[in-house]
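So the chains spell out like this:
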Amino acid sequence: MKALITGASSGIGADMAYYLNSLGYDLYVVSRNKKTLDKMYQGCYGKVTTIELDLSKEENCYKLYDRLKDEHIDILVNNAGFGDAGNFTETVLTKEIDMINLNIKAYHILTKLFLTDFTKRNYGRILNVASMAGFMPGPYMATYYATKSYIVNLSLGIAEELKDMNSKVKISVFCPGPVKTNFVNVAHVHFNIGSLTSTKAAQIAIDGMFTDKLIILPNNMKINYFLTKVSPMKMILKINSMVQERASK
Ligand SMILES: NC(=O)c1ccc[n+]([C@@H]2O[C@H](COP(=O)([O-])OP(=O)(O)OC[C@H]3O[C@@H](n4cnc5c(N)ncnc54)[C@H](OP(=O)(O)O)[C@@H]3O)[C@@H](O)[C@H]2O)c1
């Protein structure tokens, strides 16, 4: 059994990789830093392949697929991603383009290429790590929220197609709220509400995937999810605006 996890050098990605390894999976772990990956995974069971690639560069997504297309990957976890906070007119455009390339384009390309193979052989799972941010617009973190919304909607659309095809291939989308990781330092935010540990978040994501959940939500986000479905958009925008403006100070 083989699992490919992007963004596995820290946080949720690392803990998902460790958890999958404890379940008997050989790992293919990707980040921009092979040295870190080699150190982190040296005590793991079975075979671990560490791969250094910047997935915000389109050509590297194709490189990753070309390298692994004959490895019979069972699970693809698209996880590598980051955020950025601030007023849209003041945030840095190049950072946002990198974010769009990583959070959207890399997920899209890898999902397309691996899912096409998975559907031909009629097995395999894709777990896309999105966020609660994917269910609403997010003033003062507008680009990040929009990227996650793309991933939620892409995953839901594909899931319906797989159902129509009676495919055994599954796709899940993980939508956590705050998780204690390096995310906050990269995004320049601090969370004002309780965060999950990345170990707990990883366990919820992987267990949810194996029970064929389409949308995987931690318990602490179920009420928030419900509220995004029943609240008027004006109210969601006002609340998010207040929360995010404070979080990005
Ligand atoms: N933490 C939260 O509160 C939270 C909440 C909801 C959703 N999420 C989502 O969870 C996912 C994981 O984030 P995290 O919280 O675990 O943050 P993290 O600890 O910062 O991990 C991000 C991972 O992505 C990798 N990465 C970043 N840029 C990359 C690139 N260009 N190419 C390849 N790999 C890259 C990083 O490795 P290198 O730097 O070594 O390349 C690292 O392994 C993200 O998609 C994030 O949006 C996080």
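Just above sits the structure.
Summary of the structure given here. (Residues numbered from 1 in each chain as written. Predicted model: local features only at pLDDT ≥ 70, side-chain atom pairs only at ≥ 80, totals over all residues. Heavy atoms only, no water.)

What to know about the packing of helix 4 (residues 93-121) against helix 5 (residues 142-164)
Axis angle and axis distance: for two packed helices, these are the angle between their axes and the distance between the axes, and together they describe the pair. Where we set the bar: To obtain each axis, a line is fitted to C-alpha atoms, and for helices this fit is confined to the stretch in contact; angles are then taken between N-to-C directions over 0 to 180 degrees. Under the scheme used here, helices are H or I runs from DSSP no shorter than 4 residues and strands are E runs no shorter than 2 residues, and both carry numbers assigned from the N terminus. Should an angle fall under 35 degrees it is called roughly parallel, over 145 degrees roughly antiparallel, and 65 to 115 degrees roughly perpendicular, with every other angle called oblique. Here a residue-residue contact requires only that any non-hydrogen atoms of the pair lie within 4.5 Å. The nonpolar class holds Ala, Val, Leu, Ile, Met, Phe, Trp, Tyr, Cys and Pro. Asp, Glu, Lys and Arg form the charged class, and all remaining residues, Gly among them, are polar.
Put simply, helix 4 and helix 5 touch, their axes get as near as 9 Å, and they point 10° apart. By the angle class used here, helix 4 and helix 5 are roughly parallel. In this structure, helix 4 contributes Glu96, Met99, Ile100, Asn103, Ile104, Tyr107, His108, Thr111, Leu115 and Thr119 to the contact, and helix 5 contributes Thr143, Tyr144, Thr147, Lys148, Tyr150, Ile151, Leu154, Ile158 and Leu162. Residue classes in the contact of helix 4 with helix 5 are distributed as 11 nonpolar, 6 polar and 2 charged.

Re unusual backbone geometry
For the record, the criterion: Under the scheme applied here, a residue whose accessible area is under 20% of the maximum for its type counts as buried, over 50% as exposed, and between as partly exposed, the area being computed with a 1.4 Å probe on protein chains only.
The phi torsion at Asn122 lies on the positive side, around 65°, for a residue other than glycine. Mapped onto the elements of the fold, Asn122 is located in the loop between helix 4 and strand 5 (125-129). Judged by its relative accessible area of 29%, Asn122 falls in the partly exposed class. With a phi close to 60°, Asp212 is a non-glycine residue in the positive phi region. Mapped onto the elements of the fold, Asp212 is located in the loop between helix 7 (198-210) and strand 9 (215-216).

Observations regarding the environment of Lys168
Following the sequence through the fold, Lys168 ends up in the loop between helix 5 and strand 6 (170-174). Each C-alpha atom of the pair Lys168 and Phe118 lies 9.1 Å from the other, and the pair is 50 residues apart in sequence. Apart from the residues lying within four places of it in its own chain, the contact partners of Lys168 are Asn122 and Gly124.

Description of the site of the ligand
We count it as follows: Note on terminology: near, applied to a residue and a molecule or strand, indicates that one of the residue's heavy atoms is within 4 Å of it. In the analysis that follows, any N or O atom pair within 3.5 Å is treated as a polar contact, provided that within protein one partner can donate a hydrogen and the other can accept it, and provided that, for residues neighboring in sequence, both atoms belong to side chains. Only the protein chains shown count as cover for residues, with accessible areas throughout obtained via the Shrake-Rupley method and a probe of 1.4 Å.
The ligand sits among 31 residues. The nearest are Ser10, Arg32, Asn79, Tyr144 and Thr181. At 3.2 Å, a side-chain N or O of Ser31 approaches an oxygen atom of the ligand. Its free accessible area being 880 Å², the ligand has 93% of it covered by the protein chains. Every element with two or more residues in the shell around the ligand is listed here: helix 1 (11-22), helix 4 and helix 5.

As for the pairing of strand 6
Put simply, the rule is: Looking down the strands as they point away from you, a crossover is right-handed if its path from the first strand over the helix to the second goes clockwise.
The buried fraction of strand 6 is high, at 4 of 5 residues. In this view, the connection linking strand 5 to its parallel neighbour strand 6 by way of helix 5 has right-handed handedness.

Structural notes on the environment of Lys120
Mapped onto the elements, Lys120 comes out in helix 4. Judged by its relative accessible area of 70%, Lys120 falls in the exposed class. Once the C-alpha coordinates of Lys120 and Val169 are considered, the two residues, 49 residues apart in sequence, prove to be 9.6 Å apart.

With respect to the side chain of Asn128
Mapped onto the secondary structure, Asn128 falls in strand 5. At 3.1 Å, the side chain of Asn128 forms a polar contact with the side chain of Ser155.

Examining the side chain of Asn101
Counting through the fold element by element, Asn101 comes out in helix 4. The residues touching Asn101, leaving out its near neighbours within four places in the chain, are Leu55, Ser56 and Ala106.

Here we look at the environment of Leu214
Structurally, the position occupied by Leu214 is in the loop between helix 7 and strand 9. You can call Leu214 partly exposed: its relative accessible area is 33%. Sequence-wise, Leu214 and Ile97 are 117 residues apart; in three dimensions their C-alpha atoms are separated by 28 Å.

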